Amino acid sequence: MFRSQFLSLFLLACLATPTYAATLSFPQPADGDRSRYGFEFALLEAALAASRPASQKTQNSPSERLQWSAQTMSQARARLEVAAGKLSVVHSVATPELDRQLTPVRFAIDKGLNSQRILLTRKDLLPRLKALRKTEELRTLRFGVLGSWSDRKALQSLGYQVEVTESFSGLFKMLALGRSDAILTGVLNVQQVQAYLAEPSELEWEPSLLLILPAKQQFYTAPTAEGRALAQRLLRGLQTLKANGEFERLHAQYFGEQIEVGRGRRELRLDGF
């Protein structure tokens, strides 16, 4: 009888304690350049470590391991993989639709700075953009976007012209060839984009405009019991990192002076969501 009672208590304890997969997967970018998601990967590792259960901190207890997906994939496919439970977590610009489809981790990992955009354009278009003063004047531009970007729907819903490609490097080729006029680039992504520009290049950053497209990036997990448990744990970890200053340190390590890119520019506000 004692043995059966012990077994029952053990089973109840297992049910009451959230369990996590030994290996958690995060999408490898479509172009294979992991540095593009380096901050998000490092932040996930830190959040998992900060929220690790005490039982896993002992030397003999296994802990989960975060790894890149075996295959490269677009953000659109990554979201589908998370929804299907084939991928553990993905980061994305938050939208009401995505909040319904997946389990959101409600913490702005970009500090809301993804709302601030500058324009990458061709040198021959710089005089035209310098004279721009009203949001309506942007409607004459063709914005280059990835098909998986939330910007695509946001810009289209506002009546702006978009030219779509599925290739990150294709964005810059399309712009250089005159098939688009500008790429909306988050101030936190300027350094990543700069790495893709050839030297010398006919492409250049527009120096005077700051476009505000309200948005924030956050993590998403699967819409399952395990996914919800992981989301709760990640939120605890991120809140711990914010409280102890580690989140700010990581953010500064990866983005540094890029945060200052938008200062002193002429603001034009767009509303997409």
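All of these numbers come straight from a predicted model, not from anything done at the bench.

Asker: Which residues make up unusual backbone geometry, and what are the values?
Answerer: Even without being a glycine, K111 presents a positive backbone phi close to 60 degrees. When you line up the elements, K111 lands in the loop between β4 (103-105) and β5 (116-122). Exposure remark for K111: the relative accessible area of 34% places this residue in the partly exposed category.

Asker: Just give me the short version of the packing of aromatic side chains, but keep the residues and values in it.
Answerer: Throughout the structure, instances matching the rule amount to nine aromatic pairs. On the numbers, 5.2 Å between centres and 85 degrees between planes, the contact of F107 with F247 is edge-to-face. One end of the pair, F107, is in the loop between β4 and β5; the other, F247, is in helix α10 (residues 246-255), and 140 residues separate them in sequence. For F247, a relative accessible area of 4% translates into the label buried. Every member of this aromatic cluster is reached through a ring pair, and the members are F26, Y37, F41 and W68. The ring of F168 carries the charged tip of R36 above its face, separated from the ring centre by 4.0 Å. Positioned over the ring face of Y160 is R139, at 4.5 Å from the centre of the ring.

About the cut-offs
- Residues numbered from 1 in each chain as written.
- Predicted model: local features only at pLDDT ≥ 70, side-chain atom pairs only at ≥ 80, totals over all residues.
- Heavy atoms only, no water.
- Helix = DSSP H or I, 4+ residues; strand = E, 2+ residues; numbered from the N terminus.
- Buried < 20%, exposed > 50% of the residue type's maximum accessible area, 1.4 Å probe, protein only.
- Phe/Tyr/Trp six-rings, centres within 6.5 Å; stacked < 30°, edge-to-face > 60°.
- Lys NZ or Arg CZ within 6 Å of the ring centre and 35° of its normal.

Nothing here speaks to function; it is all geometry.
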